[in-house]
Amino acid sequence: MKPDLFEAPDYYNLDDLLTEEHKLVRDAARSWVKREVSPIIEDYAQKAEFPKQIIGGLAGIGAFGPYIPMEYGGAGLDQISYGLIMQEIERGDSGVRSTASVQSSLVMYPIWKYGNEEQRQKYLPKLASGEWMGCFGLTEPDHGSNPSAMVTNFKDKGDYYLLNGAKMWISNAPFAQVAVVWAKDEAGRIHGLIVERGMEGFTTPETHNKWSLRASATGELIFDNVKVPKENLLPNKSGLGAPLGCLDSARYGIAWGAIGAAMDCYDTALRYSKERMQFGKPIGQFQLQQKKLAEMITEITKAQLLTWRLGTLRNNNKATSAQISMAKRNNVDMAINIAREARQMLGGMGISGEYSIMRHSMNLESVITYEGTHDIHLLITGLDITGLNAFK
Ligand SMILES: Cc1cc2nc3c(=O)[nH]c(=O)nc-3n(C[C@H](O)[C@H](O)[C@H](O)COP(=O)(O)OP(=O)(O)OC[C@H]3O[C@@H](n4cnc5c(N)ncnc54)[C@H](O)[C@@H]3O)c2cc1C
């Protein structure tokens, strides 16, 4: 891959809205991505392998539990710092950002918010340091957009819970030590259970042949009469609202992350447009190419403003789930369109692994689908503004 010459666009001087701490956190993540991710990521994506050697570095930049209190090993940062870290990681690769999002918002968050003190002490410091990696099992083979219909279930056997069922499309599953699994009790109510690798009857076969998020490991979670100790149930929240609360946190991080992928594509296309000569001129001098670049920076700037505002709302506990849906949907759509346009601007080179654009483009096909599809987020906005449910 080409050397990483990334320069972040900031057309509306958004840096002025950030604190010194925000900028320090972001700049540390940015230089780490340049140093540790950019040089290796194309190879790992080509091999369809997660680069496990970067786990310690991800922990070092605060990517595992950025907003989890320091007493549990987290970085104790605010929501804007969390977003900026996700932006910088996804600027490198959406698959790496997915690993960090799952660890923070889908594993550490539910243990922190819905777990008891023993569970927090046992799991959070090890997850924050990357000593243990986690995954989040909500989606099932027959239940994706409608997780409330899940069939994975557990029965109370006195000394333990007996867990049966299967989860599909689970990020980090092939190597995770810990899985936060959503399953129904005998009354049909959804609860979170912490399942650990090594429990009898629990397997995590890897999902192969992905054209997207190739540097992220994806797998299934199979539960065949798994005896889960009773102390592994998350006691402080149940019902569908529990996993949805985790998704709010992760979707918020995705909204920032997508900006990172878009910035990288824009920056690459801008640089290329000044260097690539055709008809005796740099292609950036042609109006059609300028239109693409001008529209890209406009959309990036709008997304940056939307997301910064969402971060301030979240810092004050005022952001609604529907506001988060809007940002996730808008920003991923923005990024995927920019990736497609940027790819065209590079002509044939646009499909090459010499540049990051095609990898971002393919990655974003997953990002636009997971954590609520593009259409599902539109229905969430529709429900929010009309009060009418179009899901069923
Ligand atoms: C790479 C990758 C990683 C993932 N990681 C995780 C993970 O870590 N943990 C996890 O639990 N899940 C994970 N997922 C699963 C992901 O969240 C689901 O794929 C997603 O929620 C969609 O579910 P589905 O694939 O079953 O599609 P479906 O729900 O079958 O949807 C198919 C299509 O129908 C549309 N649709 C569905 N219902 C409606 C409706 N009411 N009205 C209109 N249109 C509708 C959808 O928008 C979509 O276009 C991952 C997925 C991928 C691809």
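Computed from a prediction, not measured in an experiment: that's the story for all the values here. (Residues numbered from 1 in each chain as written. Predicted model: local features only at pLDDT ≥ 70, side-chain atom pairs only at ≥ 80, totals over all residues. Heavy atoms only, no water.)

### Concerning the site of the ligand
Okay, step 1: In the neighbourhood of the ligand, 18 residues make up the surrounding shell, with Phe-136, Thr-139, Ser-145, Trp-169 and Thr-373 lying closest.
Okay, step 2: Separating an oxygen atom of the ligand from a side-chain N or O atom of Ser-145 is a distance of 2.6 Å.
Okay, step 3: Between Trp-169 and the ligand, the recorded distance is 2.7 Å, taken from a backbone N or O atom to a nitrogen atom.
Okay, step 4: Burial of the ligand by the protein amounts to 68% of the accessible area it has alone, namely 980 Å².
Okay, step 5: At the level of secondary structure, the elements contributing two or more residues to the shell around the ligand comprise strand E3 (160–171) and helix H10 (374–386).
Okay, step 6: Of the residues belonging to the shell around the ligand, the class tally is nine nonpolar, seven polar and two charged. (Near = heavy atom within 4 Å. Polar contact = N/O pair within 3.5 Å; in protein donor to acceptor, adjacent residues only side chain to side chain. Areas by Shrake-Rupley, 256 points an atom, 1.4 Å probe, with all protein chains shown as cover. Helix = DSSP H or I, 4+ residues; strand = E, 2+ residues; numbered from the N terminus. Nonpolar A, V, L, I, M, F, W, Y, C, P; charged D, E, K, R; others polar.)

### Side note on the packing of aromatic side chains
Okay, step 1: Applying the stated criterion to the full structure yields 15 aromatic pairs.
Okay, step 2: Seen in terms of ring centroids, Tyr-11 and Tyr-12 are 6.5 Å apart; in terms of plane orientation they differ by 25°. Their pairing is stacked. The pair formed by Tyr-11 and Tyr-12 is uniform in burial state, with each residue classed as exposed.
Okay, step 3: Members of the aromatic cluster, each reached through a chain of ring pairs, are Tyr-67, Tyr-82, Tyr-109, Trp-112, Tyr-114, Phe-136, Trp-182 and Tyr-252.
Okay, step 4: The ring of Tyr-44 has Lys-47 lying over it, and the distance from NZ or CZ to the ring centre is 3.9 Å. (Phe/Tyr/Trp six-rings, centres within 6.5 Å; stacked < 30°, edge-to-face > 60°. Buried < 20%, exposed > 50% of the residue type's maximum accessible area, 1.4 Å probe, protein only. Lys NZ or Arg CZ within 6 Å of the ring centre and 35° of its normal.)

### Structural notes on the UniProt feature "domain: Acyl-CoA dehydrogenase/oxidase N-terminal" (unreviewed entry) in the protein
Okay, step 1: The UniProt record annotates "domain: Acyl-CoA dehydrogenase/oxidase N-terminal" (unreviewed entry) at residues 19–131.
Okay, step 2: End-to-end, the C-alpha atoms of residues 19–131 are 31 Å apart, and along that stretch the chain is 73% helix and 0% strand. (UniProt positions renumbered as here; feature names shortened; annotations may be inferred.)

### Structural notes on the nonpolar core
The tendency in soluble globular proteins is for nonpolar side chains to be buried as a group.
Okay, step 1: One finds Phe-64, Ile-89, Ile-111 and Trp-182 to be the most contacted residues of the largest nonpolar core, which totals 64 residues.
Okay, step 2: At ten residues, helix H4 (residues 94–114) tops the list of elements feeding residues into this core.
Okay, step 3: With 33 residues, the next largest nonpolar core counts Ala-258, Cys-265, Ile-300 and Tyr-370 among its residues. (Core = buried A, V, L, I, M, F, W, Y, C linked by side-chain atoms within 4.5 Å.)

### Digging into the packing of helix H3 (residues 79–92) against H4
Okay, step 1: Closest axis-to-axis distance for the H3/H4 pair is 7 Å, and the angle between their directions is 150°. One way to sum up the angle between H3 and H4 is to call them roughly antiparallel. Between H3 and H4, the contacting residues are Tyr-82, Met-86, Ile-89 and Glu-90 on the first element and Ser-94, Val-96, Arg-97, Ala-100, Ser-101 and Ser-105 on the second.
Okay, step 2: Within the contact of H3 with H4, the residues separate by chemical class into five nonpolar, three polar and two charged. (Axes fitted to C-alpha atoms, helices over the stretch in contact; angles between N-to-C directions. Parallel < 35°, antiparallel > 145°, perpendicular 65-115°, else oblique. Contact = heavy atoms within 4.5 Å.)

### Some remarks on the pattern of salt bridges
Okay, step 1: Enumeration over the complete set of coordinates arrives at 19 salt bridges.
Okay, step 2: Here Arg-35 makes a salt bridge to Glu-36, at a shortest N to O gap of 3.6 Å.
Okay, step 3: A relative accessible area of 35% means that Glu-36 is categorised as partly exposed.
Okay, step 4: Arg-91 serves as the salt-bridge partner of Asp-264, at 3.0 Å between the closest nitrogen and oxygen. Highlighted residues: Asp-264 in helix H6 (residues 241–275) and Arg-91 in helix H3, separated in sequence by 173 residues.
Okay, step 5: Judged by relative accessible area, Arg-91 falls into the buried class, the value being 2%.
Okay, step 6: Through salt bridges that share partners, Asp-4, Arg-91 and Asp-264 make up one connected network. (Salt bridge = Lys/Arg side-chain N within 4 Å of Asp/Glu carboxyl O.)

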